[in-house]
Amino acid sequence: MFNDPDYLRRAQYADARHLDARARLHRKYGRDDWYPWAAGQVSWSEGDRVLEVGCGPGWFWAAAADVLPARLDLTLTDLSAGMVETACARAAEAGPDWAVEGRALDATRLPFAHASFDVVMAFHMLYHVPDPALAIAELARVLRPGGVALVTTNGRGHLRELARIEASVWPGSAEAGAAELFGLENGLALLERAFGQVALHRHHDDLDCTDPVDVAAYLRSSPPGIDATADEACALAAEIGRAFQDGGGRLRIGKEAGAFVCAAPRRVL
């Protein structure tokens, strides 16, 4: 279901409820500097034309506003019209002098002219696309010469401890992980087909969780936990409780995340 557009639009990302349950774990127990850190990977200029593909609820623009230029021309896009509406409102509030427009669209068919943007962004979303290579080619196509594409994702070991808890309740239920579809390990090769320069920067962080309720909320926010029966929910709570007991009342969760900074788009005619 990672890259089923209908499921993502209808069940996971019609609004920000499920995404927020997952983000809350990172905000509460991690460094909580992801968005400012990501913004720091780009050399911004006043008036840059910026395209974000898969904008979600626009958290980046609120969290990174203090380190971004006062004037930007933003185009925020997502498969979900509800996400686009929320993101545009959040960005407009965060940057009073930013020009903000939004469009619900497919990342593999961007309705923009070649070399239209100074910065293009795709945060933790290419593993949701049925054909990541096609979406990457579109990012390169609309990026101007001299511009920058910022693409973020996770590695195979990201949140491994949560995956173990999930597998103990739903053995054999896991489909191909997000990192297998587009991750830190295979993203470089995919991006280098479309960009002449690609550099990976890793964000170092871990989670030190103290409340099992937050962990349960995370695991219940997406399949298979989102469809858990009463018995499965009880089994999940028990497994989380055992993990906290083994950790002396805490659960430490490792993260693997990073940003690819891409330039010199290759033009495919």
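From a predicted model like this one, the values you see are computed outputs, not experimental measurements. (Residues numbered from 1 in each chain as written. Predicted model: local features only at pLDDT ≥ 70, side-chain atom pairs only at ≥ 80, totals over all residues. Heavy atoms only, no water.)

## So, the pattern of salt bridges
Counted according to the given criterion, the structure contains 14 salt bridges. Across the pair Asp73 and Arg49 runs a salt bridge, and its minimum N-O distance is 3.9 Å. Taken as a pair, Asp73 in strand β2 (residues 72–78) and Arg49 in strand β1 (residues 48–53) lie far apart in primary sequence, 24 residues in all. Between Arg144 and Asp118 there is a salt bridge; the shortest N-O distance is 2.3 Å. Taken together, the residues Arg144 in strand β5 (residues 143–154) and Asp118 in strand β4 (residues 117–123) connect sequence positions 26 residues apart. Given a relative accessible area of 30%, Arg144 falls into the partly exposed group. Overall, Asp118 belongs to the buried group, its relative accessible area being 16%. What you see here is one network of salt bridges that share partners, running through Asp20, Arg24 and Arg27. (Salt bridge = Lys/Arg side-chain N within 4 Å of Asp/Glu carboxyl O. Helix = DSSP H or I, 4+ residues; strand = E, 2+ residues; numbered from the N terminus. Buried < 20%, exposed > 50% of the residue type's maximum accessible area, 1.4 Å probe, protein only.)

## A closer look at the packing of aromatic side chains
The geometry of an aromatic ring pair is captured by the separation of the ring centres together with the interplanar angle, meaning the angle of the planes. Applying the stated rule across the entire model yields eight aromatic pairs. For the ring pair Tyr35 and Phe123, a centre distance of 6.4 Å and an interplane angle of 5 degrees mean the geometry is stacked. Of this pair, Tyr35 sits in helix α3 (residues 34–39) while Phe123 sits in strand β4; the two residues are 88 residues apart in sequence, bridging distant segments of the chain. For Tyr35, a relative accessible area of 22% translates into the label partly exposed. Taken together, a centroid distance of 4.7 Å and an interplanar angle of 85 degrees make the contact between Phe60 and Trp61 edge-to-face. The exposure class assigned to Phe60 is buried, which follows from its relative accessible area of 2%. What links up through ring pairs into an aromatic cluster is the set Tyr35, Phe60, Trp61, Trp98 and Phe123. A cation over a ring is seen here: Arg27 above Trp59, with NZ or CZ 5.8 Å from the ring centre. Of note, Arg49 hangs over the ring of Phe117, and the distance from its end group to the ring centre comes to 4.8 Å. (Phe/Tyr/Trp six-rings, centres within 6.5 Å; stacked < 30°, edge-to-face > 60°. Lys NZ or Arg CZ within 6 Å of the ring centre and 35° of its normal.)

## Structural notes on the sheet that holds β4
Spatial strand order, β3-β2-β1-β4-β5-β9-β6: seven strands in an open sheet with mixed pairing. Single-partner strands in this sheet number two, and they are β3 (99–104) and β6 (195–203). Sheet twist, expressed as the mean angle between neighbouring strand axes with direction ignored, is 15 degrees. Here β6 pairs with strand β9 (residues 257–265) via eight bridges, running antiparallel. Within β9, the position partnered with His201 by the bridge is Ala259. The sheet strands contacting helix α5 (residues 81–94) are β2 and β3, and the helix crosses β3 at an angle near 175 degrees. Most of the contacts of helix α6 (residues 132–142) go to β5, to which it runs at about 150 degrees, and overall it touches β1, β4, β5, β6 and β9. (Pairing = 2+ DSSP bridges. Axes fitted to C-alpha atoms, helices over the stretch in contact; angles between N-to-C directions. Contact = heavy atoms within 4.5 Å.)

## Observations concerning helix α2 (residues 17–29)
End to end, α2 covers 19 Å across 13 residues, agreeing with the expected 18 Å (1.5 Å per residue, within 8%). Where α2 bends most, the angle comes to about 30 degrees, and this point is Ala23. Those residues of α2 not exposed but buried are His18, Leu19, Ala21, Arg22, Ala23, Leu25 and Tyr29. (Expected span 1.5 Å × (residues − 1). Bend = angle between axes of the 7 residues up to and from the residue.)

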